[in-house]
Number of protein chains: 2
Amino acid sequence: MRDDPQLGADYLQDRINAEITLARHIGVVVERAGDFELVLSAPLDRNDNHKGTAFGGSLFSLAVLTGWAWVTRYLVAAHIDADAVIQESSIRYLTPVRGPLRASLVPPAAEQVQKFARMLRRAGRGRICLEVVIGQGRTVAAEFDGTFAAIPR
Amino acid sequence: MRDDPQLGADYLQDRINAEITLARHIGVVVERAGDFELVLSAPLDRNDNHKGTAFGGSLFSLAVLTGWAWVTRYLVAAHIDADAVIQESSIRYLTPVRGPLRASLVPPAAEQVQKFARMLRRAGRGRICLEVVIGQGRTVAAEFDGTFAAIPR
């Protein structure tokens, strides 16, 4: 997948806003969307709890949308008419988030992406595991792993 | 913990609304809150995607609030001044949810609750693993497991 300017932050922002009702309430912002960087953020004040830290459900939602955005972008770039869906995932909360929520995709290894591409070519569907990190300044506040599937429309 | 009417659905609804900003947008409703039944729901139209099914982040949020509600209720009933926080969790999405979102706690085993109570007595803090099931009619649409901690205020 080339770094297609047509499939940048604005494209993913529009898709998320149009397709996921709750994303507008979370205030999801696609900060960066390139082949090697995919970052989503959200303001704390829409996602806080009474202790002034981020709600775990909001952090999870932002992380799952980050993985969803990668798969969605990949499918569009590859001209594959399929939807990205989450199948299973886990998240570990390491330290409370006390400022803006910020989720960054850990770019998948080339072999993983090639395997995903092979499954899509052969079967029209495929699965890929993606890792997303929630940061707080320079420390990792939460770690997310998700298995995403591409399902033909 | 006795089935205290003071710690029923209205009590938990007030706590959730007061403490978790996003819960109001999700439209979380505490349907039932007893010692052997804890059920939270939310309307689909606030939590849908463009395919008319529930967003995975909304299902996760409802499940995590169900576990949080159990721990919160337990702590208040036991007069322990601590907050319930999620430490880690996993969720498996088995089939899309096409109607109202509905999460039910799987009541923890008595030994698990006793162990949690012992930890709280000895150390003022403790951890417990809780299971929550998202239903769709009579089938299980998603399974959630979470480790919740009670942290002294």
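Before reading on, note that the structure itself is shown above.
My aim in this report is to walk through the structure given alongside it, one point at a time.

## Some remarks on the overall build of chain A
Next, step 1: The helix and strand inventory of chain A stands at four helices and six strands.
Next, step 2: The C-alpha radius of gyration computed for chain A amounts to 15 Å, which stays within 12% of the reference 15 Å derived for 153 residues, consistent with globular compactness.
Next, step 3: Dimensions along the principal axes, computed over C-alpha positions, put chain A at roughly 50 × 25 × 25 Å.
Next, step 4: Taking all 153 residues of chain A together, 53% fall into the buried category.

## A look at the relation of the copies chain B and chain A
Next, step 1: Superposing chain B onto chain A requires a rotation of 180° together with a translation of 0.0 Å along the rotation axis, leaving an RMSD of 0.0 Å. In short, the pair behaves as if placed about a two-fold rotation axis. In terms of C-alpha distance to the rotation axis, chain B has B:Ser90 as its closest residue, with the C-alpha 2.0 Å off the axis.
Next, step 2: Both copies present the same face, since 100% of the interface residues in chain B are matched by interface residues at the equivalent positions in chain A.

## Notes on the packing of aromatic side chains
Next, step 1: One pass over the full model with this rule turns up nine aromatic pairs over all chains.
Next, step 2: The interplanar angle of 50° and the centroid separation of 5.5 Å between the aromatic rings of A:Tyr74 and A:Phe116 together place this pair among those described as tilted. Of the two residues, A:Tyr74 sits in helix α3 (residues 56–77) while A:Phe116 sits in helix α4 (residues 110–123), which places them 42 residues apart along the sequence. Of the two residues, A:Tyr74 and A:Phe116, both sit in the buried class.
Next, step 3: Taking 6.4 Å as the distance between ring centres and 40° as the angle between the ring planes, the aromatic pair formed by B:Trp70 and B:Phe116 counts as tilted. Pair noted here: B:Trp70 is in helix α3 (residues 56–77) and B:Phe116 is in helix α4 (residues 110–123), with a separation of 46 residues, a long-range link.

## Structural notes on the pattern of salt bridges
All names here are of chain A.
Next, step 1: Counted by the stated rule, this structure contains 10 salt bridges over all chains.
Next, step 2: With a closest N to O distance of 2.6 Å, Asp81 and Arg153 form a salt bridge. Placement of Asp81 in the loop between α3 and β3 (82–93) and of Arg153 in the segment after β6 (139–152) is noted, with a sequence separation of 72 residues between them.
Next, step 3: The class of Asp81 is exposed, set by a relative accessible area of 53%.
Next, step 4: Under the relative-accessibility criterion, Arg153 is labelled exposed at 56%.
Next, step 5: It is possible to trace a salt-bridge network through shared partners that takes in Asp81, Asp83 and Arg153.

## Concerning the packing of helix α1 (residues 9–19) of chain A against α3(A)
Packed helix pairs are characterised by how far apart their axes lie and by the angle those axes make with each other.
Residue and element names in this part refer to chain A.
Next, step 1: The geometry of α1 relative to α3 is characterised by a closest axis approach of 11 Å and an angle of 115° between their N-to-C directions. Taken together, the axis directions place α1 and α3 in an arrangement best described as roughly perpendicular. As for how α1 packs across α3, the hand of that crossing is right-handed. Contact with α1, carried on its side by Tyr11, Leu12, Arg15, Ile16 and Glu19, involves Leu65, Trp68, Ala69, Thr72, Arg73 and Val76 of α3 and no other residues of that element.
Next, step 2: Tallied by class, residues from the contact of α1 with α3 come to seven nonpolar, one polar and three charged.

## Things to note about the sheet that holds strand β2 (residues 38–42) of chain B
Next, step 1: One open sheet accounts for 12 strands, arranged β1(A)-β2(A)-β4(A)-β5(A)-β6(A)-β3(A)-β3(B)-β6(B)-β5(B)-β4(B)-β2(B)-β1(B); its pairing is antiparallel. Bordering the open sheet on either side are β1 (29–33) of chain A together with β1 (29–33) of chain B, each of which pairs with just one other strand. Geometrically, the sheet is characterised by an average inter-axis angle of 25° between neighbouring strands, direction not taken into account.
Next, step 2: Where strand β5 (residues 126–136) of chain B meets strand β6 (residues 139–152) of chain B, 11 bridges bridge the pair, whose relative direction is antiparallel. When the bridges of β6(B) are listed, B:Gly135 appears paired with B:Val140.
Next, step 3: Sitting on the sheet, α4(A) touches β5 (126–136) and β6 of chain A, and the angle it makes with β5(A) is about 145°.
Next, step 4: Taken strand by strand, α4(B) contacts β5 and β6 of chain B, and its axis lies near 145° from that of β5(B).

Scoring rules and cut-offs
- Residues numbered from 1 in each chain as written.
- Chains lettered and ligands numbered in written order.
- Predicted model: local features only at pLDDT ≥ 70, side-chain atom pairs only at ≥ 80, totals over all residues.
- Heavy atoms only, no water.
- Helix = DSSP H or I, 4+ residues; strand = E, 2+ residues; numbered from the N terminus.
- Rg over C-alpha atoms; globule rule 2.2 N^0.38 Å.
- Buried < 20%, exposed > 50% of the residue type's maximum accessible area, 1.4 Å probe, protein only.
- Least-squares fit on C-alpha atoms with pLDDT ≥ 70 in both.
- Contact = heavy atoms within 4.5 Å.
- Phe/Tyr/Trp six-rings, centres within 6.5 Å; stacked < 30°, edge-to-face > 60°.
- Salt bridge = Lys/Arg side-chain N within 4 Å of Asp/Glu carboxyl O.
- Axes fitted to C-alpha atoms, helices over the stretch in contact; angles between N-to-C directions.
- Parallel < 35°, antiparallel > 145°, perpendicular 65-115°, else oblique.
- Left-handed = near helix turned anticlockwise from the far one by under 90°.
- Nonpolar A, V, L, I, M, F, W, Y, C, P; charged D, E, K, R; others polar.
- Pairing = 2+ DSSP bridges.

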